[in-house]
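# Residue-level structural notes
Residue-level listing of the chains:
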2 protein chains.
Amino acid sequence: MSTMIETETAADLLRSHSLRVTAPRVAVLRELSAIPHADVDSIARATRERLGSVSTQAIYDILAVLSVNGLVRKFGPAGHPARFELELGDNHHHLVCRTCGTMIDVECAPGKAPCLDAADDHGFAIDEAEVIYWGICPACAATAVAATT
Amino acid sequence: MSTMIETETAADLLRSHSLRVTAPRVAVLRELSAIPHADVDSIARATRERLGSVSTQAIYDILAVLSVNGLVRKFGPAGHPARFELELGDNHHHLVCRTCGTMIDVECAPGKAPCLDAADDHGFAIDEAEVIYWGICPACAATAVAATT
DNA sequence: CACCAGAACTTGAATCAGTCAAGAGAAGGG
DNA sequence: CCCTTCTCTTGACTGATTCAAGTTCTGGTG
């Protein structure tokens, strides 16, 4: 588990975006800071452990609000349920294993913030470039070799 | 409609990958060459128009096979159903409107094929870098302004 | 050219992520 | 402390995708 942010920090985050401070929202923010690439289900379970009971719908609502307000990033590799992470402004990217779905953060290639610009924006107001590196993780590669042998 | 590939071309594509040549597969390949960012439903409907009747399950199976064999790329912006396109080796990227979902191809920034390398591959065998530019398309931007007024 | 084995396709049911809608409940300004 | 409004709960529902069993067809073989 990474370092979970404090309750007060989460509350301040909400206030600074003019959002109401509620127990479920604070809990979701805290769990997001602790779980690397959380899907809705993980967040729901972790939040319930902390608060006793929270509806799944509330989790969806909360994530949608946080997302719209730029507090969290939502991303979703094709074929996998949506995942969420706190928006830290570092525009890092993700490395995903095609076989097991394992996901790892990777830095944007150092010294280049280039991925933010498309060659031609076709008139769109681009606000984010999402990069997903697809590959096979070491563990799955080993398994594949073993199966072939 | 873009230029649809010939039946014989599609069949050759399949043979060159040691895949059986069947009417549904040929039809799906042809439709993929004609429909820009086809989702399963579009492909299914177009294929049925051509062949009379094909099960949805067959479409999924075919797309899965083509995908595994590198004939098509599957990609899926979070919150949208999966989309498919013929793998042309040009590693272009996609521009997606957050509001209406419109999708447009964009070139990889000219002169740079850099997006293919992550700063640190964590031992993964990376075979593809998928880039999604998120933004608001001109049409939706106009609508938003109108609503505010 | 007919035959066979395995690969593809059909059908129908089931699962899972995510959404919709109506009402009960709390946050925060006055 | 009260009221308005936003939030959360409950329960039903849709749409995408998958599972499973059985039939059909492709491509290699004798």
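What counts and what doesn't
Residues numbered from 1 in each chain as written. Chains lettered and ligands numbered in written order. Predicted model: local features only at pLDDT ≥ 70, side-chain atom pairs only at ≥ 80, totals over all residues. Heavy atoms only, no water. Helix = DSSP H or I, 4+ residues; strand = E, 2+ residues; numbered from the N terminus. Buried < 20%, exposed > 50% of the residue type's maximum accessible area, 1.4 Å probe, protein only. Areas by Shrake-Rupley, 256 points an atom, 1.4 Å probe, with all protein chains shown as cover. Pairing = 2+ DSSP bridges. Contact = heavy atoms within 4.5 Å. Axes fitted to C-alpha atoms, helices over the stretch in contact; angles between N-to-C directions. Near = heavy atom within 4 Å. Polar contact = N/O pair within 3.5 Å; in protein donor to acceptor, adjacent residues only side chain to side chain. Nonpolar A, V, L, I, M, F, W, Y, C, P; charged D, E, K, R; others polar.

## A word on the overall build of chain A
When you go through chain A residue by residue, the secondary structure sums to 5 helices and 6 strands. Counting across all 149 residues of chain A, residues that qualify as buried make up 43%. Put simply, chain A shows about 7600 Å² of open surface, and 54% of that area lies on carbon and sulfur atoms.

## Topic: the sheet that holds strand S2 (residues 72-75) of chain B
All names here are of chain B. Strands sit in the order S1-S3-S2 across an open sheet of 3 strands; the sheet is antiparallel. The open sheet terminates on both sides in strands that have one partner only, identified here as strand S1 (38-39) and S2. Inspection of the sheet shows S1 paired to strand S3 (residues 83-86) by 2 bridges, in the antiparallel sense. By the bridge assignment for S3, Ala38 is matched with Phe84. Docked against the sheet, helix H2 (residues 23-34) engages S1, S2 and S3, running at close to 90° with respect to S3.

## Focus: the protein's contact with DNA strand D
Neighbouring residues of DNA strand D: 16 residues in total, closest Thr22, Arg25 and Ser55 of chain A together with Val21 and Gln57 of chain B. Atoms of DNA strand D within 4 Å of the protein: sugar and phosphate make up 65%, bases the balance. Between DNA strand D and Val21 of chain B there is a distance of 2.8 Å, counted from a phosphate oxygen to a backbone nitrogen or oxygen. Contact distances for DNA strand D include 2.5 Å between a base nitrogen and a side-chain N or O atom of Gln57 of chain B. Taken together, the elements giving at least two residues each to the surface near DNA strand D come down to helix H2 (23-34) and helix H4 (56-68) of chain A together with helix H4 (56-68) of chain B. If you tally residues by element for the surface near DNA strand D, the top one is H4 of chain A, at 3 residues.

## Quick word on the protein's contact with DNA strand C
Within the structure, DNA strand C sits among 16 residues, and Gln57 of chain A together with Arg20, Thr22, Arg25 and Ser55 of chain B are positioned closest to it. If you look at DNA strand C and keep only atoms within 4 Å of the protein, 62% of those are sugar or phosphate atoms. Contacts to DNA strand C include Gln57 of chain A, whose side-chain N or O atom sits 2.5 Å from a base nitrogen. The side chain of Arg20 of chain B places a nitrogen or oxygen atom 3.0 Å from a base nitrogen of DNA strand C. Looking at the surface near DNA strand C, the elements that each hand over two or more residues are H4 of chain A together with H2 and H4 of chain B. It is H4 of chain B that provides the largest number of residues to the surface near DNA strand C, a total of 3 residues. Taken together, the residues that form the surface near DNA strand C break down as 8 nonpolar, 5 polar and 3 charged.

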